[in-house]
Amino acid sequence: MASSQLARRAARRLLSSQHRRHCAAPACPWLLGSAPPVLAPSPVAAAAAGDRRGFCSVRRFTGESNAAAAVEEAENGLVAGGDQQAIDFPGGKVSFVAEMNFLPESQRERINCYRVLDDDGRTISGSRFQEVSKELALKMYSEMVTLQVMDTIFFEAQRQGRISFYLTSHGEEAINIASAAALTIDDIVLPQYREPGVLLWRGFTLQEFANQCFGNKLDYGKGRQMPIHYGSNRLNYFTVSSPIATQLPHAVGAAYSLKMDKKDACAITYFGDGGTSEGDFHAALNFAAVMEAPVIFFCRNNGWAISTPTSEQFRSDGAVIRGQAYGMRSIRVDGNDALAVYSAVHTAREMAIKEGRPILVEALTYRVGHHSTSDDSTKYRPVDEIEHWRTARDPISRYRKWVQGNGWWCDEDESELRNNVRQELLKAIQVAERMPKPPLAELFTDVYDEVPSNLREQERLLRDTIKKHPADYPADVHI
Amino acid sequence: MAAKSLREIRRAAAAGIGSRRCFSGDAAAAAAAAAGVAEGKVGGGAGKEVNLFTAINQALHIALDTDPRSYVFGEDVGFGGVFRCTTGLADRFGRNRVFNTPLCEQGIAGFAVGLAAMGNRAIAEIQFADYIFPAFDQIVNEAAKFRYRSGNEFNCGGLTIRSPYGAVGHGGHYHSQSPEAFFCHVPGLKHLRTLIPWDKETVEASVSKTGKLLVSHEAPITGGFGAEIAASITERCFQRLEAPVARVCGLDTPFPLVYETFYMPTKNKVLDAIKATVNY
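Right, let's walk through the structure included here. Quantities reported herein were computed from a predicted structural model and do not represent experimental measurements.

Reading guide: rules and limits
Residues numbered from 1 in each chain as written. Chains lettered and ligands numbered in written order. Predicted model: local features only at pLDDT ≥ 70, side-chain atom pairs only at ≥ 80, totals over all residues. Heavy atoms only, no water. Helix = DSSP H or I, 4+ residues; strand = E, 2+ residues; numbered from the N terminus. Buried < 20%, exposed > 50% of the residue type's maximum accessible area, 1.4 Å probe, protein only. Contact = heavy atoms within 4.5 Å. Buried area = accessible area lost by both parts, 1.4 Å probe. Salt bridge = Lys/Arg side-chain N within 4 Å of Asp/Glu carboxyl O. Nonpolar A, V, L, I, M, F, W, Y, C, P; charged D, E, K, R; others polar. Pairing = 2+ DSSP bridges. Core = buried A, V, L, I, M, F, W, Y, C linked by side-chain atoms within 4.5 Å. Axes fitted to C-alpha atoms, helices over the stretch in contact; angles between N-to-C directions. Parallel < 35°, antiparallel > 145°, perpendicular 65-115°, else oblique. Left-handed = near helix turned anticlockwise from the far one by under 90°.

1. Describing unusual backbone geometry
- Cis geometry marks the peptide bond from I196 of chain B to P197 of chain B, where omega comes out at -5 degrees.
- Inspection of the secondary structure puts P197 of chain B in the loop between helix 8 (180-184) and helix 9 (200-210).
- Phi angles above zero are rare outside glycine, and K262 of chain A is one such case at about 55 degrees.
- Of note, K262 of chain A is situated in the loop between helix 8 (247-260) and strand 5 (267-272).
- Taking relative accessible area as the criterion, K262 of chain A reaches 35% and is therefore assigned partly exposed.
- Positive phi outside glycine occurs at I306 of chain A, with the angle close to 45 degrees.
- Positionally, I306 of chain A belongs in the loop between strand 7 (304-305) and strand 8 (308-309).
- Classification of I306 of chain A by relative accessible area gives buried; the value is 14%.

Okay, structure coming up:
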């Protein structure tokens with residue numbers, strides 16, 4: 001099915017299933033190529049007018065009751081008809097009711113989850129999804145395998161003491177690769193740290209990954225950050241920062257810029273279930289909705305924030321339900337189903353850009369690996385739970401069944417691919433390991449755009465110390 | 001009883017800072033002068049030497065055991081914490097008093113302020129000092145001023161925030177920082193036990209005797225707590241100083257992974273500064 005059809009259909013379903021709440025100031029779809037939306041004056045003015053009207057009506061409602069007042073009230077937005085009473089309040093008409101009803105803490109049933117492939121890799125009958133060509137399908141598959149092999153080998157390299165730290169994306173390969181495949185290179189990625197597959201998809205080479213993990217002189221981050229803190233301006237992938245959820249408000253700002261520049265692109269930001277607790281998450285979702293920014297919030301709900309299970313993280317129905325509270329479309333998707341992730345992000349991207357709106361995607365998945373090489377997750381979660389997700393719910397084998405079922409893949413292809421990736425990565429590691437670290441001068445650059453006098457003085461003093469005590473300092477940093 | 005447990009905590013924490021200097025090798029601890037003084041004062045007993053995490057763990061056991069209104073919480077503290085400092089607490093004292101919080105530092109600090117304001121001992125963990133900044137507003141504008149702004153109608157004196165800081169060898173930007181100076185600049189915060197108030201008199205007595213002072217910390221030199229120590233001692237001991245107060249501190253750069261050795265106030269930097277001071 002063509003992507004535009006999917007997007008239209010998704011939007012129609014949305015429209016028919018919910019009332020238009022913004023009758024006072026209807027949300028103008030932001031159309032590509034149209035004049036830039038005049039954001040500030042219209043909604044703000046409408047809200048201000050609504051405010052005056054609303055509060056005026058409230059006063060009358062509680063005070064006067066004569067006919068003249070009733071007429072005026074109708075004009076002012078207070079509607080009285082039969083037993084029904086309502087008020088035009090900023091945001092739309094609100095009905096008054098006689099019963100005192102508290103909203104329940106949750107819906108009766110949990111939000112359902114979009115899926116295309118069943119556990120055996122067969123498409124579910126009636127499932128609607130974005131078609132992928134054989135070429136695209138195979139590229140997705142090989143990148144998922146590449147990510148898995150890369151994670152396994154880097155993890156081993158850390159265990160051997162060759163790199164100082166690592167963090168795998170095991171179990172989340174479909175999320176990484178399929179979401180990346182649904183984007184274009186012009187879309188801006190603001191990652192957390194468990195999405196190296198997005199960068200892989202964009203063309204970051206295994207050598208480039210290795211350079212960063214070893215912090216050598218070819219690392220774009222100049223060896224300053226821990227392993228896995230990748231970034232590439234060329235590939236529109238903002239550099240990873242360890243603090244949680246700080247990138248979410250950045251994504252809204254970046255998306256707003258894309259919209260102002262009338263780019264056919266959106267921003268996408270990734271985060272975990274734990275990240276939804278941070279203040280930055282709430283700030284970002286609210287800003288995005290109000291600013292009508294074309295940004296996709298991609299939540300990898302993998303069940304665990306280091307040792308904290310989602311039951312101790314939130315009591316809402318996951319992350320997906322939060323979207324509506326902020327006035328944002330959202331979808332829950334099976335994160336271990338590559339086709340579902342691909343289709344959902346593809347459609348979300350289309351809606352975000354064409355309609356100028358944020359979209360929240362919650363992918364249900366599982367962090368199969370430890371949080372990082374500093375963690376032993378068997379201390380706080382059952383091994384059979386990990387094993388179940390690692391085997392029975394593995395996203396790569398499920399997708400492989402579908403690819404292989406189409407006759408596009410065979411066991412020989414599989415072993416050749418895995419072997420090639422392994423060889424290429426081992427070579428990349430050897431090269432990265434032998435490469436010197438960035439020169440000492442880079443310790444002082446980039447703190448500001450130019451090196452100020454205090455840092456120039458500190459560099460001079462440091463060089464004096466190094467001359468006196470060369471043995472104190474690593475030999476692989478060029479002085 | 002509460003006072004007793006607090007004394008125990010202080011003791012453990014002060015002793016802990018001393019121990020930390022032992023196992024962190026040549027990494028100079030923050031405000032080494034002040035910390036060393038604290039160690040000297042309380043470390044005189046013939047106790048068994050323990051490392052910092054054990055000391056903290058024991059202190060938390062004591063606090064929870066002696067004060068029924070004490071609570072320990074933070075990210076991942078339930079299973080023992082990522083540094084194992086809360087090991088055994090949840091099993092012994094139950095999940096109502098020792099618990100994981102959602103991943104939200106401002107929430108942890110704000111919750112702790114409210115809990116403490118109700119007369120409880122709230123012991124909150126921020127997993128790394130590098131991650132304390134989302135809680136900065138709650139700590140600086142709320143916790144620190146809670147008593148003063150209410151004319152002592154309310155206070156959150158039962159609040160303790162605990163957070164590991166400093167270089168570990170492979171922490172890079174976000175697992176290495178020493179943010180103590182930010183908090184020392186905030187009237188009302190007392191929990192930086194060895195720094196506010198720092199033991200001026202003991203340092204002054206030492207400088208009066210030797211005429212020399214060297215201050216060292218991992219945090220960047222500019223605006224660091226070392227500057228405060230240097231200024232105070234210059235005020236008090238100007239006539240007796242035989243050399244300028246030396247500072248051997250971190251560089252004015254973000255904490256850099258592969259350059260950690262270059263950034264740090266390492267032993268030979270300290271030794272050179274000592275020699276320069278002695279030979280001044």
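Resuming the write-up.
2. Side note on the interface of chain A and chain B
- Taken together, the contacts link 47 residues of chain A with 37 residues of chain B.
- Both sides of the chain A and chain B interface together cover about 3300 Å² of buried area, and 62% of this is carbon and sulfur.
- One can count 1 salt bridge joining chain A with chain B.
- Salt-bridge contacts for D272 of chain B lead to K468 of chain A; the nearest nitrogen and oxygen are separated by 3.8 Å.
- Counting only elements with at least two residues in the side of chain A that touches chain B, the list comes to strand 8 and helix 15 (453-468) of chain A.
- In terms of residue class, the side of chain A that touches chain B is built from 21 nonpolar, 17 polar and 9 charged.

3. Observations concerning the pairing of strand 3 (residues 121-125) of chain B
All names here are of chain B.
- Across the 5 residues of strand 3, 5 count as buried, placing the element largely inside the fold.
- Of the two faces of strand 3, the one carrying R121, I123 and E125 and the one carrying A122 and A124 are both buried.
- In this structure, strand 1 (residues 70-74) lies alongside strand 3, joined through 5 bridges in parallel fashion. Across the sheet, residue S70 finds its bridge partner in strand 3, namely R121.

4. Section: the nonpolar core
- By size, the foremost hydrophobic cluster in this structure holds 122 residues, and its most contacted members are M140, F154, F297 and Y399 of chain A.
- Aside from chain neighbours lying at most four places away, what touches M140 of chain A is V132, I177, A178, A181, W201, A338, Y342 and Y399 of chain A.
- Residues F146, C156, V186 and V207 of chain B belong to the second largest nonpolar core, which totals 41 residues.

5. Details of the packing of helix 5 (residues 173-181) of chain A against helix 11 (residues 338-355) of chain A
All names here are of chain A.
- Contact geometry for helix 5 and helix 11: axes closest at 8 Å, N-to-C directions at 40 degrees. For the element pair helix 5 / helix 11, the angle class is oblique. Considering only the axes of helix 5 and helix 11, their crossing is right-handed. Contact with helix 5, carried on its side by A174, I175, A178, S179 and A181, involves A338, V341, Y342 and V345 of helix 11 and no other residues of that element.
- Of the residues that constitute the contact of helix 5 with helix 11, the class distribution is 8 nonpolar, 1 polar and no charged.

Keep in mind that these numbers describe shape and distance, not what the molecule does.
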